[in-house]
Amino acid sequence: NLVNSKLAKFNGKRVLITAGGTREYIDPVRYISNKSSGKMGYALAKVAQKNGASVTLISANVTLPVPQGVKLVQVETVAELSKAVHSYFATTDVFIMAAAVSDYRPIHFVDHKIKKLAESSNLTIKLEETPDILKSLKQVRTNQIVVGFAAETNDLLDNAKKKLDSKGADIIVANDVSQADIGFGSEDNAITILQHDTENIKVSKANKRIIARKILEVIAKRFT
Ligand code: CTP
Ligand code: CA
């Protein structure tokens, strides 16, 4: 049931997907990261591949099995993710940015394991903003279909609409990450798909494979 006539247009299409969560190192053994499991991105990769797409999956710190026939590119940090996205973007038809990217990273990497400080003092780590990978594609975009995600705990649709307007994406998949049984790490998801000049499409709670199929159906409708 992964193969679906509504996804027939994916046959022969090149699809680039990012999945997982980035890690920003503080010292050789510690990092800042997030709760992304990679399940949504991997489900998208699997369903696209089953429907005849040529799929490249840029994977950040995911421990899931790699879907058969999918080309895997492994990265850890925002810098590595950005480099990989920019090296594959020009030769893709569809780009889906499902990875959860660290918004900040330590300004300085300490090259040895940081020792505990003297008693009762607090450690401060200064962070700098990371580049916005999705936004940076505006400059190099030709005719790719570009899909971003919006992870929100509150004001889901307002925040997602702002991202649709600012990120240069054709589609934003809004994702409520405030509930434990959907979103980050879970098997299920519930989403709203936003596009310019189109009614929002709400997809109620379902397995991430079903959600992936729905997202890909919306993308397929945009193929000319
Ligand atoms: N994204 C990105 N590069 C970043 C941060 C986010 O490419 N440095 C992408 C994400 O992969 C996602 C989209 O931008 O597709 C929205 O990410 P999200 O974290 O929801 O929004 P932000 O723009 O980072 O804003 P905020 O976290 O403040 O809501
Ligand atoms: Ca963010």
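What you see as residue numbers is a count from 1 along each chain, following the sequence as written. Just so you know, chain letters begin at A and ligand numbers begin at 1, following the order they were written in. Per-residue local features are limited, in this predicted model, to residues with pLDDT of at least 70; the limit for side-chain atom pairs, both in listing and counting, is 80 or more; totals at the level of whole chains, interfaces and linings are taken over all residues.

Overview of the overall build of the protein chain
Note the following rule: Secondary structure follows DSSP: runs of H or I at least 4 residues long count as helices, runs of E at least 2 residues long count as strands, and numbering of each begins at the N terminus. As a reference, a globule follows 2.2 Å times the number of residues to the power 0.38, and the radius of gyration itself is taken over C-alpha atoms. With C-beta atoms placed from the backbone, the exposure class of a residue follows from how many other C-beta atoms lie within 10 Å of its own: 20 or more, buried; 12 or fewer, exposed; in between, partly exposed. A pair of residues counts as a contact when their C-beta atoms, built from backbone coordinates, are within 7 Å of each other.
For the protein chain, the helix and strand inventory stands at five helices and twelve strands. Taking 2.2 N^0.38 as the reference for a compact globule, 224 residues should give roughly 17 Å; the C-alpha atoms of the protein chain span a radius of gyration of 18 Å, in line with that estimate. On the principal axes, the C-alpha backbone points of the protein chain span a range of 65 × 35 × 35 Å. Within the protein chain, the fraction of its 224 residues that count as buried is 38%. If you take every contact in the protein chain between residues at least 6 apart in sequence, the share linking residues at least 24 apart comes to 61%.

Description of helix 1 (residues 39-50)
Filter applied, for reference: Expected span of a helix, by definition, is 1.5 Å for each gap between consecutive residues, and there is one gap fewer than residues.
Over its twelve residues, helix 1 extends 16 Å from the first C-alpha to the last, a length consistent with the 16 Å expected when each residue adds 1.5 Å. Counting buried residues in helix 1 gives eleven out of twelve residues, a clear majority hidden from the surface. Those residues of helix 1 that are buried lie in contact with strand 1 (14-20), strand 4 (54-60), strand 6 (94-97), strand 11 (188-195) and helix 5 (208-222). The first or second residue beyond helix 1 is Gly-52, which carries a positive phi of 95 degrees.

Observations concerning unusual backbone geometry
Notably, Asn-61 is not glycine yet its phi reads approximately 60 degrees, a positive angle. Along the chain, Asn-61 turns up in the loop between strand 4 and strand 5 (71-75). Among the residues examined, Asn-61 registers 21 C-beta atoms within 10 Å and is labelled buried.

Here's the deal with the environment of Ile-191
Within the fold, Ile-191 resides in strand 11. A residue is classified by how many C-beta atoms lie within 10 Å of it, and Ile-191, with 27 of them, is buried. Separated by 34 residues in the primary sequence, Ile-191 and Leu-157 have C-alpha atoms spaced 10 Å apart. Dropping the residues within four chain positions of it, Ile-191 is found in contact with Val-173, Ala-174, Asn-175, Val-203 and Ile-211.

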